[in-house]
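Residues per chain are reported as follows:
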Amino acid sequence: MANTIEIKVPDIGGHDNVPVIEVLVKVGDTIEKEQSLITLESDKATMEIPSSAAGVIRELKLKVGDEVSEGAVIALVETVGAADTTSPSPAPGDDCMDAGGRAMPGAMAEGKGEATQSPDSSHTTSPAGTRPSPQSSPPSGKKTGGEETNMPQAAASSGKKPDLECKLVVLGSGPGGYSAAFRAADLGVDTVLIERYGTLGGVCLNVGCIPSKALLHAAAVIDEAEAMAAHGVSFGKPKIDLDKLRSFKSKVVGQLTGGLAAMAKQRKVRTVVGMGEFVSPNELEVQTKDGVKLIRFEHAIIAAGSQSVKLGIFPWDDERVMDSTRALEMKDVPSRLLVVGGGIIGLEMATVYAALGSEVTVVEFMDQLMPGADADLVKPLAKRLGSRLKGIHLKTKVVSAKASKKGIEVGYEGDSIPATTLFDRVLVSVGRSPNGGKIGADKAGVAVTERGFINVDTQMRTNVPHIFAIGDLVGQPMLAHKATHEAKVAAEAVAGHKSHFDARVIPSVAYTDPEIAWVGVTEREAKEKGLKVGVGKFPWAASGRAIGMDRTEGFTKLIFEEETHRIVGGGIVGVHAGDLISEVALAIEMGSEAADIGLTIHPHPTLSESVGMAAEIYEGTITDLYLPKKK
């Protein structure tokens, strides 16, 4: 018997209002179960949403440009028989979380929906509704995030004599990987650390977070020097020596990676350079410059990270088309640069190249830059960039790109079409995809979703109990500081400790100029979910420190639960916002109320006192501004 059912957006890691960038099917198509229907794009990753049933599409409910959250109807599908659109619940008492980081049935203790805490836990527990990022450990055959997680058949042991044996092997030495290895070693665990690059640190230290921040510092100095001319201090036009700038960036990277190598040696962590891949549940092969090495282990922590998404329309064999790694090489300062993607990474690199003299054009598919942040936080950045870039074009996408002798010629679709179509270089920054499918995980019996994610429980265990996974490949947000905390939990679990990852919130920072930082519940999210909250917003135009720096475009915003006055979120835009957001994160973790923050004495004059003043605005005790009393 034919039935017409609704195919809905599953849990997508707790994210809301994620834009649809591609519809992969049309009305009348016959689809299979698990066939991808639409593609979504969050701030740092793209994801395809599969169908939960087979059948014929009778009506599409979404189009390109729509923003969706969990539960949104994608399509009406006519199917024969009942569709299996839900996953069975784990047995009572299972310590599981769903793909949005929320407790699944059986994961919560009795009484007020609060999770229990082990006496040896290294992380405090929190109410289910405040948990971040997708981390789950579904029983065999369960679906997570809308994807069927097939449990692969593990390969048999190779039977070969290993080149190395250890209690723990860590695959990947980024912030998550090296933290896991070092913490495990500190707990007495014999550890081997595998890294594909010649130096430790992974993408973040070698070709990501650290080199980009070194270049952003140079860009900030250039901008500050230029701005001081209006105040009587002129430095003249900067002379850019790219060789020296690259040397500075390399020195910064080298200092940190060299420090990691020294600490690995001090801790007696053995390191192997090469590409690692599982060959069985307790063996891993590494392709090194000296040949293949076989490592046999008792436990493993997968910290293999992610890679830049490369859209097929771009000619990637031409070095003028860049991902973030190529952009950081700084081979030249192009006269005309196109940045595809107005997220954090794209805007950070746009800031760097614009300061160095490039004419930068940014195109973003959505209707605002940095879609993950509140619109009011992005507004000061958009205004400042508007005066420094050639153009910012929203609701626009590149639909063609062709390499020629003169440059990269592009074509557009959208509401705001740039006049420039020929560029010396193009930076494509549209997200990152996890590397879970590139490490032979199936041979170890580790389940990997079709998008490359690995599901884990609160101890970071995969479906194979002695193998753990952390960082980008266990879900959003793809941030180094999340990976570091997950790493310590996994390492402690390997050592037999009852540690669990249970952070209430994870802050995000864009190191643009001005910086944007936010943590916890956003104002938009609160509105969409019908949460009863109040906002205290302190404008930096009333900050003595900001006025003295001539950087008054920023503000500090705190979001409080109306019933309890407890802080649940916050956002800051302005210089050094990334350095200021930690106080807000700590306040949320500690369950602080507005009065706690407002009555904490902050030094004056500082930008940090804007946090206290935002709380005072909410409480109605502010004296640095005059706010008429509410009637």
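Here, every reference points to the structure presented above.
What counts and what doesn't
- Residues numbered from 1 in each chain as written.
- Predicted model: local features only at pLDDT ≥ 70, side-chain atom pairs only at ≥ 80, totals over all residues.
- Heavy atoms only, no water.
- Helix = DSSP H or I, 4+ residues; strand = E, 2+ residues; numbered from the N terminus.
- Axes fitted to C-alpha atoms, helices over the stretch in contact; angles between N-to-C directions.
- Parallel < 35°, antiparallel > 145°, perpendicular 65-115°, else oblique.
- Left-handed = near helix turned anticlockwise from the far one by under 90°.
- Contact = heavy atoms within 4.5 Å.
- Nonpolar A, V, L, I, M, F, W, Y, C, P; charged D, E, K, R; others polar.
- Pairing = 2+ DSSP bridges.
- Expected span 1.5 Å × (residues − 1).
- Buried < 20%, exposed > 50% of the residue type's maximum accessible area, 1.4 Å probe, protein only.
- Arc of directions from axis to C-beta.
- Disulfide = S-S within 2.5 Å.
- Salt bridge = Lys/Arg side-chain N within 4 Å of Asp/Glu carboxyl O.
- Patch = residues over 30% accessible without salt bridge, like charges linked within 9 Å, V, L, I, M, F, W, Y side chains within 5 Å.
- Areas by Shrake-Rupley, 256 points an atom, 1.4 Å probe, with all protein chains shown as cover.

A. Local environment of unusual backbone geometry. That bond from glutamine 476 to proline 477 is cis: its omega, -5°, falls within 30 degrees of zero. Secondary-structure assignment places proline 477 in the loop between strand S27 (467-469) and helix H8 (480-494). Aspartate 513 connects to proline 514 through a cis peptide bond whose omega is 5°. With respect to the helices and strands, the residue proline 514 is situated in the loop between strand S28 (508-510) and strand S29 (515-520). Notably, methionine 330 is not glycine yet its phi reads approximately 50°, a positive angle.

B. Broad picture of the packing of helix H3 (residues 209-227) against helix H6 (residues 344-356). Contact geometry for H3 and H6: axes closest at 9 Å, N-to-C directions at 45°. With respect to H6, the axis of H3 lies oblique. For the element pair H3 and H6, the recorded crossing hand is left-handed. Between H3 and H6, the contacting residues are Ser212, Lys213, Leu215, Leu216, Ala219, Ile222 and Asp223 on the first element and Glu348, Thr351, Val352, Ala355 and Leu356 on the second. Classifying every residue of the contact of H3 with H6 gives seven nonpolar, two polar and three charged.

C. Inspection of the sheet that holds strand S25 (residues 425-428) at higher detail. Pairing within the open sheet is parallel, and its five strands lie in the order S18-S25-S19-S20-S21. The open sheet is flanked by strand S18 (321-322) and strand S21 (391-393), the only strands paired with a single partner. Here strand S19 (residues 336-340) runs beside S25; their pairing, made up of four bridges, is parallel. Bridging from a neighbouring strand, leucine 337 pairs with arginine 425 of S25.

D. How the structure looks around helix H7 (residues 375-386). For H7, built from 12 residues, the straight-helix expectation of 16 Å at 1.5 Å per residue is met to within 8% by its first-to-last C-alpha distance of 16 Å. Turning to H7, its buried residues are Leu377, Val378, Pro380, Leu381, Arg384 and Leu385. Considered in projection along H7, the buried side chains sweep an arc of 155° and stay on one side of the axis. Facing away from the buried surface of H7 by more than 90 degrees, the exposed residues are Lys379 and Lys383. Of the surrounding secondary structure, the elements contacted by the buried residues of H7 are H6, S21, S29, strand S31 (555-561) and strand S32 (567-574).

E. Seen up close, the state of the cysteines. If you walk through the whole model with that rule in mind, you get one disulfide. The disulfide partner of cysteine 204 is cysteine 209, and the S-S distance across this bridge is 2.3 Å. Its S-S torsion of about -130° marks the bond between cysteine 204 and cysteine 209 as left-handed, since a negative value means left-handed. A residue is classified by how much of its surface remains accessible, and cysteine 204, at 12% relative accessible area, is buried.

F. Representation of the pattern of salt bridges. Per the counting criterion, the structure on display carries 28 salt bridges. Here lysine 8 makes a salt bridge to glutamate 6, at a shortest N to O gap of 3.8 Å. For lysine 482, the salt bridge identified is with glutamate 486, shortest N-O distance 3.0 Å. Of this pair, lysine 482 and glutamate 486 both sit in helix H8, four residues apart, which is roughly one turn of that helix. Of the two residues, lysine 482 and glutamate 486, both sit in the buried class. One connected set of salt bridges, linked through shared partners, spans Asp374, Asp376, Glu523, Lys537 and Lys557.

G. Region of interest: the packing of H3 against helix H4 (residues 242-266). Here H3 crosses H4 at 135°, and the two axes come no closer than 9 Å. Our classification of the angle between H3 and H4 gives oblique. Crossing hand, H3 versus H4: right-handed. Facing Ile210, Pro211, Ala214, Leu215, His217 and Ala218 of H3, the residues of H4 in contact are Leu245, Phe248, Lys249, Val252, Val253 and Leu256.

H. How the structure looks around a nonpolar patch on the surface. Where nonpolar side chains cluster on the molecular surface, the patch consists of Met228, Val233 and Phe235 and spans about 270 Å² of accessible area. Taking the relative accessible area as the measure of exposure, methionine 228 reaches 34% and is therefore partly exposed.

I. Region of the structure containing the sheet that holds S32. Read from one edge of the open sheet, five strands run S28-S29-S32-S31-S30, paired in antiparallel fashion. Since the sheet does not close on itself, it has two edges, and those belong to S28 and strand S30 (533-539), each with one partner. Direction aside, neighbouring strands of the sheet carry axes that sit 10° apart on average. Inspection of the sheet shows S31 paired to S32 by six bridges, in the antiparallel sense. Bridge pairing links leucine 558 to glycine 570 in S32.

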